[in-house]
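Results of the structural survey
Single-letter residue listing:
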Amino acid sequence: MIRAEECVLVLLAAGRSTRMGDIGSKLDQPFLGRPLGLHVAVALEDMPFRERVAVCGSAECDYARHGFAIVRNDDPALGLSNSVRLGVARAREIGARAVVLALADMPRVTATHIHALLDAAEGDDAVVASSDGRRPKPPCVFGRNHFDALCDLEGDEGARRLILAGKHVVTVPAELIDVDTPEELEELRRLVHAPEARTRWR
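Treat the numbers as computed from the prediction; the structure is a model and nothing was measured. (Residues numbered from 1 in each chain as written. Predicted model: local features only at pLDDT ≥ 70, side-chain atom pairs only at ≥ 80, totals over all residues. Heavy atoms only, no water.)

**A few points about the pairing of strand S7 (residues 127-131)**
- In terms of burial, S7 is largely enclosed, as five of its five residues are buried.
- What you see with S7 is no split at all: Val 127, Ala 129 and Ser 131 on one side and Val 128 and Ser 130 on the other are buried throughout.
- Hairpin connection from S7 to strand S8 (residues 136-143): four residues lie between these consecutive antiparallel strands, with Gly 133 at a positive phi of about 95°.
- Relative to strand S9 (residues 167-170), S7 is paired through four bridges, and the arrangement is parallel. (Buried < 20%, exposed > 50% of the residue type's maximum accessible area, 1.4 Å probe, protein only. Helix = DSSP H or I, 4+ residues; strand = E, 2+ residues; numbered from the N terminus. Pairing = 2+ DSSP bridges.)

As structure tokens, then:
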């Protein structure tokens, strides 16, 4: 088990939203009365992480208001790995034992699930990923012995190889929904009966 107090939460919020069309950042789109990209930040704000870091691009979400230090990713075209490097570098700088990597476009993640990931993490070599019962995916926990490997990542593959070889904690698929397209956002709105589902996508 790794305690939240020993971890840095790294929220990856610098994607280019290329599959969403010409709308700006998908993270700013409304969902249940707040921007899509703020839901994870709010869900986890009572967890006592050592530090919270939001790696941001063009989204206007106010992560600082929810206790996050802001790290700018000025070149999101380098892929997800660039955001991971920026967040992990901060965790290493302050001597964190582990990082929790979460994606800002996964608005249904709960603190209960993050606690389950940390409970399954065993020491500095830990790699624990979420699973919908079919395949592993974020959020993930990485012990500090993997910080060098995370900082060497390139492109959009992220930490896929490490995740595949790690431990997987299964949760309900609805919790791990991520939003990449307008259709996926509309489907999610309908699934939870969000008031925005009545507003046609523009």
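**Some thoughts on the pattern of salt bridges**
- What the rule picks out here adds up to 14 salt bridges.
- In this structure, Arg 90 and Glu 93 form a salt bridge, with 2.8 Å as the shortest nitrogen-oxygen distance. With Arg 90 and Glu 93 both in helix H2 (residues 80-93) and three residues apart, this pair spans about one turn of that helix.
- Classification of Glu 93 as exposed rests on a relative accessible area of 61%.
- A network of salt bridges, in which partner residues are shared, links Arg 3, Glu 5, Glu 6, Arg 97, Asp 124 and Arg 144. (Salt bridge = Lys/Arg side-chain N within 4 Å of Asp/Glu carboxyl O.)

**Remarks on the pairing of S8**
- In terms of burial, S8 is a largely internal element, seven of the eight residues being buried.
- Where strand S6 (residues 98-103) meets S8, four bridges bridge the pair, whose relative direction is antiparallel. Across the sheet, residue Val 100 finds its bridge partner in S8, namely Val 141.
- Looking at chain direction, S7 and S8 are connected through five bridges and run antiparallel. Of the residues in S8, the one forming a bridge with Ser 131 is Pro 136.

**Observations concerning helix H6 (residues 182-191)**
- Among all positions of H6, only Pro 182, Leu 185, Glu 186, Leu 188 and Arg 189 are buried. Taken end-on, H6 shows its buried residues confined to a sector of 160°, consistent with a single buried face. Those residues of H6 that are exposed and angled more than 90 degrees off the buried face are Glu 183, Glu 187 and Arg 190.
- Buried residues in H6 make contact with strand S2 (30-31).
- His 193 occupies a position one or two residues after H6 and carries a positive phi of about 55°. (Arc of directions from axis to C-beta. Contact = heavy atoms within 4.5 Å.)

**A few points about unusual backbone geometry**
- For the peptide bond that leads from Pro 138 to Pro 139, omega is -5°, which places it in the cis range.
- With respect to the helices and strands, Pro 139 occurs in strand S8.
- Phi is positive for His 193, which is not a glycine, with a value near 55°.
- Along the polypeptide, His 193 turns up in the segment after H6.

**Some words on the nonpolar core**
- Residues Phe 49, Tyr 63, Val 99, Ile 114, Phe 142 and Leu 150 are the most contacted members of the largest nonpolar core, which totals 58 residues.
- Element by element, the count of residues in this core is highest for strand S1 (residues 7-13), at seven residues.
- The residues contacting Phe 49, other than those within four sequence positions of it, are Ala 4, Cys 7, Leu 9, Leu 44, Val 100 and Ile 114.
- Among the nonpolar cores identified, the runner-up in size contains six residues, and Phe 31, Leu 36, Val 179 and Leu 188 belong to it. (Core = buried A, V, L, I, M, F, W, Y, C linked by side-chain atoms within 4.5 Å.)

**Focus on the layout of surface pockets**
- A volume near 240 Å³ is recorded for the second largest pocket.
- In terms of lining, the second largest pocket is formed by Asp 132, Arg 134, Arg 135, Lys 137, Pro 173, Leu 176, Ile 177, Asp 178, Glu 184, Glu 187, Leu 188 and Leu 191.
- Ranked by the residues each element gives to the lining of the second largest pocket, the list is headed by H6, at four residues. (1 Å grid on protein atoms, 1.4 Å probe; cavity = no way out; pocket = protein on both sides within 12 Å on 5 of 7 lines; lining within 4 Å. Points joined across faces, edges and corners; volume = space filled by probe spheres on them.)

**Side note on the environment of Ile 94**
- Checked against the element boundaries, Ile 94 lands in the loop between H2 and S6.
- A C-alpha to C-alpha distance of 9.2 Å links Ile 94 and Arg 50, two positions 44 residues apart in sequence.
- In contact with Ile 94, other than residues within four places in its own chain, are Val 8, Arg 50 and Glu 51.

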